[in-house]
Amino acid sequence: MSKKLVQIGMDDIDNPDGRCTTHFASIIVERLKEWTVEWVDYPNLIRLNPNIPYRTRGNGAVALRFLIDHYDVDSIIPTVEGLIHDYVEGEYPNTNPGVVLFDDEVPKQVQSLSRLALWRVVPIELARRIIRTNNIPHYTSGNGRGLIGALSAVANTLHEDHTYEYIAYRALEDCEDKRGVDTVSVQSMDKTMGNRVFSNVDISTNRIMIEPHGKDPVLFGVRGEAAEYVIEAANLVKSKQDRDRWMVFRSNQGTGEHLKHRVEIRNLRPYMTAIVAGRVESKPRMIEGGHSIFTIKDDKDKIDCAAYEPSGEFRNIVMKLKVGDLVNVHAGVRPASRRHSLTLNLEGLEVVELANISEVSNPICAQCGKRMKSAGRGKGYKCTKCGHRDKDVRKIETSLVRDLLTGLHLPPAKAQRHLTRPLARIGKVNGGMPSSLVSKWHSH
Ligand SMILES: [Zn+2]
């Protein structure tokens, strides 16, 4: 029997009671076991533009890639549709599921939509038009927004760089209760695994970051550089609640894939994610609520930049900027409101060049060492302590020693986006598709 490569993308399969798309994907993977499928990739967890307002902070979609018997292809979408109805249990204004299927090459139009969705706002109508013109088998309900993520996930093969996440799920009936992930076990796992894993513990506070706090079925998620590593790491984690199921995802988390575009200030649009180069134009100031704000300017235009209170000690770095410093701001664009104009919401700050700042002060008295005072215009300086006068001395200019380093500065791990490339991953690249999968990458 000839097998066919099938790729499915899915997004926005959740409900306010805490269902989520990755959990649903693990249910599909389990269901597909009843058919004869051969997996060619781990399920992909694709994070999209984190600055889209109507999405949760995660903004993650899922893609599945497998070989399946020719004659089974047509029954996949109806099967998935049935599973979605059982899973979501009803209609919710903010749940707009989308599923797409490809059993052939992914069209160029879908690939460019996928790249766009990492850093721009993609209109639903564009996704619908692409589906229509390319006759893409799909399922959608609500306003169809899930189609954007579904298309984007399928077309992203993560060929430049990828990471892994082991996600453990609890039973749906346990979702009201505390997870009870054991902090000490996570800290010791992090030590044991070293740089094979990342962003599981915030090094500045030693707080664990693998445990979500909502009512969703995710018990914990461990991020790392290979499937083997995240599985090994997850098995070192202890929790009060049991793992009902688990699955390993290949992902663009921690790759910085959303921050590839340098945009001039005049071309910035609301909700875009971009790198903006400019010189610091105004001294940073701390405003009410603990946010620090400064302005940058490129050749033609100015824009405000903000590091918000949750970014913690990162704001102290921002406060050290001086007028004239050259920076690349990594940011999401916040739309203008009545209270502020278009603003860059800082996700990272690359200090390219420090301005040479000098302080000018009066000369020191040659007799007694005290700082002198001006004796009046053209009359030089006099010492108020010993009375020494000097007509020829001049003001002293000293270069200010800056306590800010050039290079990339990021907020603490707990305030980073899923997509942000953490400092621990600078220079790390996992390229290409995996040549083979580990023998056991999910629980069922
Ligand atoms: Zn003196």
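What you see is a predicted model, and the numbers here were worked out from it, not measured in a lab. (Residues numbered from 1 in each chain as written. Predicted model: local features only at pLDDT ≥ 70, side-chain atom pairs only at ≥ 80, totals over all residues.)

Asker: So what exactly am I meant to see when it comes to the overall build of the protein chain here?
Answerer: Counting secondary structure elements, the protein chain contains 8 helices and 23 strands. Seen along its three principal axes, the alpha-carbon backbone of the protein chain occupies a region of about 105 × 50 × 40 Å. Going through the 444 residues of the protein chain one by one, you find that 39% of them count as buried. Once local pairs closer than 6 in sequence are excluded, the contacts in the protein chain between residues at least 24 apart make up 71%. (Helix = DSSP H or I, 4+ residues; strand = E, 2+ residues; numbered from the N terminus. Buried ≥ 20, exposed ≤ 12 C-beta atoms within 10 Å, placed from the backbone. Contact = placed C-beta atoms within 7 Å.)

Asker: Would you mind showing me how to read the domain arrangement of the protein chain here?
Answerer: Partitioning the protein chain into structural domains gives domain 1 (3-155), domain 2 (163-257) and domain 3 (265-356 + 401-424). Distance from the C-alpha centre of domain 2 to the C-alpha centre of domain 3: 30 Å. Contacts between the two partners involve 13 residues from domain 2 and, on the opposite side, 10 residues from domain 3. Considering only residue class, the side of domain 2 that touches domain 3 consists of 2 nonpolar, 8 polar and 3 charged. (Domains from an automatic or database assignment. Nonpolar A, V, L, I, M, F, W, Y, C, P; charged D, E, K, R; others polar.)

Asker: Honestly, the nonpolar core in this entry has me stumped. Any pointers?
Answerer: Burial of nonpolar side chains together is a common tendency in soluble globular proteins. Membership of the largest hydrophobic core comes to 95 residues, with the highest contact counts inside it found for Leu151 and Val230. Ranked by the residues each element gives to this core, the list is headed by helix 5 (residues 146-155), at 7 residues. Not counting residues up to four positions away in its chain, the partners in contact with Leu151 are Gly9, Val100, Val110, Leu113, Ser114, Ala127 and Ile130. (Core = buried A, V, L, I, M, F, W, Y, C linked by C-beta atoms within 7 Å.)

Asker: Would you take a moment to explain unusual backbone geometry for this structure?
Answerer: Excluding glycine, a negative phi dihedral is what most residues carry, and trans is how most peptide bonds are arranged. The backbone of Asp12 sits at a positive phi, close to 60°, despite the residue not being glycine. In this fold, Asp12 is placed in the loop between strand 1 (3-11) and helix 1 (21-32). A positive phi angle is found at Ser199, which is not glycine, with a value near 50°. For Ser199, the location among the structural elements is in the loop between helix 6 (183-193) and strand 8 (201-202). By C-beta crowding, Ser199 is classed as buried, having 25 other C-beta atoms within 10 Å.

Asker: Is there a simple way to think about helix 5 in this case?
Answerer: Residue pairs spaced three or four apart in an α-helix point in one direction, given the helix's 3.6 residues per turn. When you tally the buried positions in helix 5, you get 10 out of 10 residues, the bulk of the element. Every buried residue of helix 5 is listed here: Gly146, Leu147, Ile148, Gly149, Ala150, Leu151, Ser152, Ala153, Val154 and Ala155.

Asker: For this particular structure, what's the right way to read the packing of helix 3 (residues 108-116) against helix 4 (residues 124-133)?
Answerer: In a packed pair of helices, the relevant descriptors are the angle between the two axes and the axis-to-axis distance. Where helix 3 contacts helix 4, the two axes come as close as 10 Å, and the packing angle between them is 160°. Between helix 3 and helix 4, the angle is such that the two are roughly antiparallel. The interaxial crossing formed by helix 3 with helix 4 has left-handed handedness. Within the contact between the two elements, helix 3 uses Gln109, Val110 and Leu113 and helix 4 uses Leu126, Ala127 and Ile130. (Axes fitted to C-alpha atoms, helices over the stretch in contact; angles between N-to-C directions. Parallel < 35°, antiparallel > 145°, perpendicular 65-115°, else oblique. Left-handed = near helix turned anticlockwise from the far one by under 90°.)

Asker: Hey, could you run me through the environment of Thr22 in this one?
Answerer: By secondary structure assignment, the location of Thr22 is in helix 1. On the basis of neighbour count, Thr22 is assigned to the buried category, with 25 C-beta atoms found within 10 Å. Sequence separation of Thr22 and Leu45 is 23 residues, and the distance between their C-alpha atoms is 7.5 Å. Discounting chain neighbours no more than four positions away, the residues touching Thr22 are Leu45, Gly60, Val62, Ile167 and Phe249.

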